[in-house]
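# Chains, contacts and geometry: an overview
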Amino acid sequence: MPLSATLLAALREAVGAANVQTQADELFVYECDGLTVDRATPGAVVFVHSTDEVAKVVRACSEHTQPFVARGAGTGLSGGAVALNGAVVIELARMNRILEVDLENRVALVEPGVVNVHLTKACSERHLHYAPDPSSQGACTIGGNVAENSGGPHTLKYGVTVNHVLGLEVVLPSGEVVELGGPHGKGQGYDLVGLFVGSEGTFGIATKAWVKLTPNPESVKTLLAVFASVDEASRAVSGIIAAGIVPAALELIDQTIVRAVEQWLHLGFPTDAGAVLLIELDGLRDGLEPLADRVMRCCREAGGLDVRQAKDEKERLLLWKARKQAFGAVGRLSPSYYVQDGVIPRSRLPGVLAQITASAERHGLVNANVFHAGDGNLHPLILFDERDPRQVEAALACNEEVMSAVIEAGGMLSGEHGIGLEKLHFMPRVFSPDDLDAMLRVREVFDPRHLANPHKAIPSRRCWEVKGHEPPKLEPPRRKL
Amino acid sequence: MSGLAGFLDAARRSLGAEQVLDAPALLDALSLPQARPAALLRPGSVEEIALAVKLANEHRVPLLPCGGWTAMHYGDPAPAGAVALSLQRLDRLVEHSPADMVATAQAGLAFGAFQDRLHEHGQWLPFEAPATATLGGLLATDRSGPRRLGYGTLRDQVLGLTVVNGDGVVRKCGGKVVKNVTGYDLAKLYIGSLGTLGVIVEATFKLRPRPETSSVQELEHDDFAAGFKLVRELVQRLPFVAAVAGFPGKPFVAQLGIDASPPDHARLLRELEAACPSGGARLRETGATHLDAEEFPPRPRRLRAVTLTDGRTVEPALAARLTWPAFAGDFPDQIAALDQLAASHGFGLMMGFFEFPSRASAELFGSLEGGEGAPAPDLDGMVKALRKAGLPVTVTWTAAEQTLSASAFGPPQPAWELMRGIKRALDPRAVLNPGRFVEGI
């Protein structure tokens, strides 16, 4: 549905006509995020450059009861940035300044469009880094990370985004600008910083973030353990956790992915292995060798065939390149993939992984795994061809079974990708109507009219009961079939 | 029947008369300047707690959720006629899955008892607190000890909560897995909310392996500035898990906590020894495995008794504890200013502590001499002066004779309208700890 002329005029007034896009070919780029199956055309895309501009744009939307969606790099994997009901996309990528780096106190103040890895680069000479490291860190923005409470491989030891955000400047859905917390962390009263992180753009738009910088470890050891099967590799993961070892990262990569990566990058990975574990240990150099010995023992006890150590920094970075490019490498195997993000208790890994493989086989599809095993955070990729409607249907059906297996194992729907649009319908399976009601009540404190990224993160009341206030009716996204 | 009498009558009928206590002797024993309950309720299940909260809504009786009664002095005074709602009968360890390093416990379980059960499997919750404090109480007051430096605060260890909100409805948030972005993280709201949004009844924690070696090293220095700088550098460079530096008085004292494997532990000791002789600092092994949590904030033992200039040793009477967020670099100046203000407001002694990272606190003691001409200690005036000077202090403890006209909490945050909205959303009739939190929430 087209935007009203008065709203368009207000948006152009706020940011300048050149920063408001309304042509179909321009809007096409913003139809989806990293989850490509669900799409919707935005009413407009507005490029903002300052808090003041964000506030003006949001105020204009608020005055016109116009839904809006904040967007960073569009790398999200749950459809969180899809502009439903002709929402206005507020594009924050141009607010990409690192405003302050306080090396002494290890705090940085950044704008939301700063690319995750750029912050680490900005302080690497002083041996500091920004710890949350999603695989998309070369492209994704810190604002997006805040909205999704993003993780990454090293969050096993260092924590996810919420553990690294001290304060935020936020434009509320009314257009009002408030500060939550600050460089010292949350201030007096309720922890609104902790609440805001992971709220998927439904509480407003973060326009500045105070984040912690983490000292680089003195010493790092990266191991590659080779197993005959995924089952044995996942038993090794359970064994390492049960032995009381907290690696910096503990990633499982199965044969399908290893072969795809190897064909592409030629890193010397063992393509005959059923699965490999990428294990990173860090800390003081004194205790690292004995710790590596303990980890190797756990791997051998679980049936590990071989454990090798990256011999230098170059080899270490290659191993990580293989891990972080894994999703990209899948493109060599299949035109499309569906990736899930459920988290399960770590002791349940072997059983649930077997269930997922069986489900894919039942639907005649191939399943590949590359995931944060140490956290129990699965990323099963279901490979399919989106040009074949039968395969799309099979992939979606398989997806439902994967989520059921996760829920039945006592797990949760998402470890780091967010609920967004795609997992909304599973929410009533892990939360009661009363639980969801509390979440909606809190949402409505920030956004009583559901203008900020409507129909994301928490299902509307209509999904599970009809009661009181109803958010605007949902125009369903186009499913790419 | 008045609200309170009607409430107690209904509570006796539904919980059993033996679980509704209002003997004057008991209530006197529980009384604090901040909380003088009119009765004590001891529900035995989550359902009974929900029932009690619903009855409180019906009869408009304010409730004071409580656990081990170790932190009831925290917060602004409770209204008269409020009824204490004890969680102590909900003291079960619901589930401990050692292989997943996750445990779920009822909120009334004592911290010490919880740790003992975890220790059986070589695991623990990595922070310090009084053994008799309950898990629910620690969560509600967000009392994270000095190990926050190495492990983060309590909020970073919580995976999920079950609460009874102010409307008497039982709700869950979070889950039992170690990484989770499913739904809003409402647990963050309840932690540190002083029970004003919901009564925490159950919590799931992420656990850690117990370290192979733990020790606390004490470092003394004749010069405060030099000692503080030395400790700051050590904390920045090496992975100590806890660090508290104390001021004033000579010598400067700091304690550094280590949790490490034997080789790492030996390395840290070598580093400490190497750092010390250079600046006239002295190092001592305390023999403790964690910084003292019996008194909060923990402080070097030797500062408890004070030697006066005439040689007498006295144990000064604590009048108040203050805390505020600070960067280490700002602390020495802040503490010097505080020391001056303390003297001019009639406090005989002021001690400051810096807990790495970002938390400073001070303890004010009554006039030591108590002689003629010494001004009477004036906490209210002192707190006002500090806030006027821009230091957002929270008063976390006061002696009975000290009164505050302002809130114990610092000035309002810009976002406090949002906080009021959240309070209305989750405790619509304000039955939970009304008036005790920031800005009268």
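Residues numbered from 1 in each chain as written. Chains lettered and ligands numbered in written order. Predicted model: local features only at pLDDT ≥ 70, side-chain atom pairs only at ≥ 80, totals over all residues. Heavy atoms only, no water.

### Comments concerning helix H11 (residues 379–388) of chain B
All names here are of chain B. Filter applied, for reference: Residue burial is assigned from relative accessible area. The probe radius is 1.4 Å, only protein chains are included, and a residue is buried under 20% of its type maximum, exposed over 50%, and partly exposed in between. Secondary structure follows DSSP: runs of H or I at least 4 residues long count as helices, runs of E at least 2 residues long count as strands, and numbering of each begins at the N terminus. Pairs of N or O atoms are called polar contacts if they sit within 3.5 Å, as long as, within protein, a hydrogen donor faces a hydrogen acceptor (for residues adjacent in sequence, only side-chain-to-side-chain pairs).
Counting buried residues in H11 gives seven out of 10 residues, a clear majority hidden from the surface. Burial in H11 covers these residues: Leu379, Asp380, Gly381, Met382, Val383, Leu386 and Arg387. Backbone nitrogen of Asp380 and a side-chain oxygen of the N-cap are separated by 3.5 Å at the start of H11; the cap is Asp378. Backbone geometry just downstream of H11 places Gly390 in the positive-phi region, at approximately 95°.

### Quick word on the pairing of strand E12 (residues 213–221) of chain B
Residue and element names in this part refer to chain B. Quick note on the threshold: In this description, strands pair whenever DSSP reports at least two bridges between them.
Among the nine residues in E12, seven count as buried, and that is most of the element. Both E12 and strand E15 (residues 282–285) contribute to a ladder of four bridges, which runs antiparallel. Bridge pairing links Gln217 to Glu285 in E15.

### Here's the deal with the domain arrangement of chain A
All names here are of chain A. Formally: An automatic or database domain assignment is the source of the domain bounds shown. Contacts are residue-level and defined by heavy atoms, with any inter-residue pair within 4.5 Å sufficient. We define buried area as the total accessible area lost by two parts upon association, computed with a 1.4 Å probe and summed across both. By salt bridge we mean one thing: a side-chain nitrogen of Lys or Arg within 4 Å of a carboxyl oxygen of Asp or Glu.
Split into domains, chain A comes out as domain 1 (5–91), domain 2 (98–215), domain 3 (219–328), domain 4 (334–408) and domain 5 (424–479). Of the residues lining the interface, 19 residues belong to domain 1; the matching set on domain 5 comes to 13 residues. In terms of surface lost to domain 5, no three residues of domain 1 exceed Phe68, Leu84 and Asn85, which account for 40% of the buried area on that side. Inspection of the region where domain 1 meets domain 5 yields zero salt bridges. Here domain 1 is connected to domain 5 by seven residue pairs in polar contact (both at pLDDT 80 or more). When contributions to the side of domain 1 that touches domain 5 are tallied by element, the ones reaching two or more residues are strand E2 (38–39), helix H3 (51–63) and strand E4 (68–71).

### Considering the pattern of salt bridges
One pass over the full model with this rule turns up 50 salt bridges over all chains. Taken together, the shared-partner salt bridges connect A:Glu218, A:Arg285, A:Asp286, B:Arg237, B:Arg267, B:Arg270 and B:Glu271 into one network.

### Quick word on empty space enclosed by the protein
The following threshold applies: For cavity detection a 1 Å grid was placed over the protein atoms alone, and a set of points counts as a cavity when a 1.4 Å probe fits there but cannot get out; an open set counts as a pocket when protein lies on both sides within 12 Å along at least five of seven lines, with lining residues being those that have an atom within 4 Å of a point. Grid points are joined across faces, edges and corners, and a volume is the space filled by probe spheres set on the points.
Scanning the model with the defined rule gives five cavities of 30 Å³ or more in all. The computed volume of the largest cavity comes to approximately 550 Å³. Lining the largest cavity are 34 residues, with B:Leu159, B:Val178, B:Lys179, B:Asn180 and B:Lys206 sitting closest to its centre. Among the secondary structure elements, those contributing two or more residues to the lining of the largest cavity are helix H6 (155–158) of chain A together with strand E8 (158–165) of chain B.

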